[in-house]
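Fold and geometry: a report
Residues per chain, in single letters:
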Amino acid sequence: MKKTRTFFFCQNCGHQSPKWLGKCPACEMWHQFTEEVEGPPASVLSLSGEGGSKVTSITEITAEDTSRLPTGIGEMDRVLGGGLVRGSAVLVGGEPGIGKSTLLLQILDGMARRGMKVLYISGEESLLQIKMRGERIGTLSENLFVLVEIDLDSMITRIEAAEPAVVVIDSIQTVVSSTTPAAIGSVAQIREAAGRLVVLAKKRGIPVFLIGHVTKEGVIAGPKLLEHMVDTVLYFEGDSGHQYRIVRAMKNRFGPVSEIGVFEMKEGGLAEVGNPSTFFLSTRPEQAPGSVVCATLEGTRCFLVEIQSLVMPTAFGLPRRTVNGVDHNRVSLLVAVLDKICGYQITNCDIYLNVVGGMKIAEPAVDLGIAASLISAFLERPVADGLMVFGEVGLSGEVRGTSQPDLRVREAARMGFMSCLAPSGTGGGETGRIKVTPLDSLKRLRAHIF
């Protein structure tokens, strides 16, 4: 008989070790290792049937149906790259209660109302609980079937017998395989369940949504291999304190990466937001020091966001920095540039900066907006009405160009802004209904924002 081997896996990142460790060397988390026994290999390994696949020239491959399945929700189709690809596996992650199950139930209902047979499999809720949520958000189609199951073998048998157009597994951490001698929710169980469900999706041509839990660090629980196994990884952003939700594509084999969809949480579920600029600027105060509007790109979409800052003398020996929505280190860099290049003595001040609405921005094109907001708050002077800014700032104070400046200017003009500060090379003068002023140095910023 083959000798049974024991391994220890980190529940946070999936790192494998032959012995127990107090601290994971990969993710540096404490007390995350659990013992697991090596089980037999999965019985389903071939994607093309028991006989396997033969070597084929790429020119001889024919696609019977390359059309995508529309979800019925425009923002979701945008994130997926135009709709669901047949046989794809989509991993959806997010904080508890953010709306993952609600949105996917709405997607299934929209597809069921178009005559498709869809299946929602839950391992966390009872049939009555799912029915109560369906009544609240209005997802009560006859073609939407529900199954409460956690056994992987039984789940696969039911899916093959029902032959649905789309399947949702809520959640992958609750699925357990009898062939894997490990605890439910462990790294081995997640890896086994995800692998067999992905194989099922490829063989049957059924799109499968896998809902994943997240750790306290905000990453999907389980091994990192889970994100490599699927075709698309979607993350929900937002929190209970804000009414908006953003679905961001972190990986997509069939569409653009970093594309986002904006939703608003309402009593009847998640409603798509077709005009994010209006949504984020709807409650902007007038003549408020430190409030600046800048343009940012997310995927193929451009929208305007408001940046607010507060600068005040520190009451302690070490100035405080509180930043929400942008990189903390980027703000510290811009503070140093404003102090050294422009002469604003704000290094020794407490600085509080926030992107209104809870939006998280990683694009450097908001540097000029952050700098303008800090200058406005430090001088306690509001920026000019109808002004929008964008541009990247270098360490010597130069304003560098950004991608797709014309798209940003057109979005500002569409939203009714009258003037725009842009990097030099964008072009100046009147562009449509908006005046564009090129800027090459941060030293000239004060002369144009007031």
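In this numbering scheme, every chain counts its residues from 1 along its sequence in written order. Given that the model is predicted, a residue must reach a pLDDT of at least 70 before its local features are reported, and side-chain atom pairs must reach 80 or more before they are shown or counted; all residues, however, enter totals for whole chains, interfaces and linings. Excluding hydrogens and water, the side-chain values take into account all heavy atoms of the structure.

Tallying secondary structure elements over the protein chain gives 11 helices and 22 strands in all. Under the scheme applied here, a residue whose accessible area is under 20% of the maximum for its type counts as buried, over 50% as exposed, and between as partly exposed, the area being computed with a 1.4 Å probe on protein chains only. When the 450 residues of the protein chain are sorted by exposure, 49% land in the buried category. In this analysis, two residues are considered to be in contact whenever any of their non-hydrogen atoms come within 4.5 Å of each other. Partitioning the contacts of the protein chain with sequence separation of at least 6, the portion at a separation of at least 24 is 66%. Only the protein chains shown count as cover for residues, with accessible areas throughout obtained via the Shrake-Rupley method and a probe of 1.4 Å. Approximately 21200 Å² of the protein chain is accessible, and the part contributed by carbon and sulfur atoms is 53%. In this charge count, Lys and Arg are treated as positive and Asp and Glu as negative; neither His nor the chain ends contribute. One atom stands in for each charge, and that atom is NZ of Lys, CZ of Arg, CG of Asp or CD of Glu. Positive and negative side-chain charges of the protein chain, numbering 46 and 48 respectively, have mean locations separated by a distance of 3 Å. Here a strand is any run of E in DSSP of at least two residues, a helix any run of H or I of at least four, and the numbering for each starts at the N terminus.

Once that is clear, we can look at empty space enclosed by the protein. In this approach a probe as big as a water molecule rolls over the atoms, and the regions it shows empty are the leftover space. Residues are called lining when one of their atoms sits within 4 Å of a cavity or pocket point, these points coming from a 1 Å grid over the protein atoms alone, where a cavity is a set in which a 1.4 Å probe fits but cannot get out and a pocket is an open set with protein on both sides within 12 Å along at least five of seven lines. Grid points are joined across faces, edges and corners, and a volume is the space filled by probe spheres set on the points. Following the criterion strictly, the structure yields 1 cavity of 30 Å³ or more and no others. The computed volume of the largest cavity comes to approximately 30 Å³. What lines the largest cavity is simply Arg-68, Leu-80, Gly-83, Leu-84, Val-85, Ser-88, Val-90, Thr-232 and Phe-254. Asp, Glu, Lys and Arg are counted as charged, while Ala, Val, Leu, Ile, Met, Phe, Trp, Tyr, Cys and Pro are counted as nonpolar; the rest, among them Gly, fall into the polar class. Of the residues that constitute the lining of the largest cavity, the class distribution is 5 nonpolar, 3 polar and 1 charged.

Omega for the peptide link from Asp-170 to Ser-171 comes to 5°, which places this bond in the cis form. Position of Ser-171 relative to the elements: it lies in the loop between strand E7 (166–170) and helix H5 (187–204). Positive phi is not limited to glycine here, since Glu-380 has a value of about 55°. One can find Glu-380 in the loop between helix H9 (367–379) and strand E17 (387–389). Judged by relative accessible area, Glu-380 falls into the exposed class, the value being 64%. The phi torsion at Gln-404 lies on the positive side, around 50°, for a residue other than glycine. The residue Gln-404 is located in the loop between strand E19 (399–400) and helix H10 (405–414) in this model.

Let's shift gears to the sheet that holds strand E3 (residues 33–37). Paired strands are those between which DSSP finds at least two bridges. Here we have 3 strands laid out as an open sheet, ordered E2-E1-E3, and antiparallel in their pairing. Both edges of this open sheet fall to strand E2 (16–17) and E3, since each of them pairs with a single strand only. Pairing of strand E1 (residues 6–10) with E2 involves 2 bridges; the strand directions are antiparallel. Its bridge partner being in E2, Phe-8 is matched across the sheet by Ser-17.

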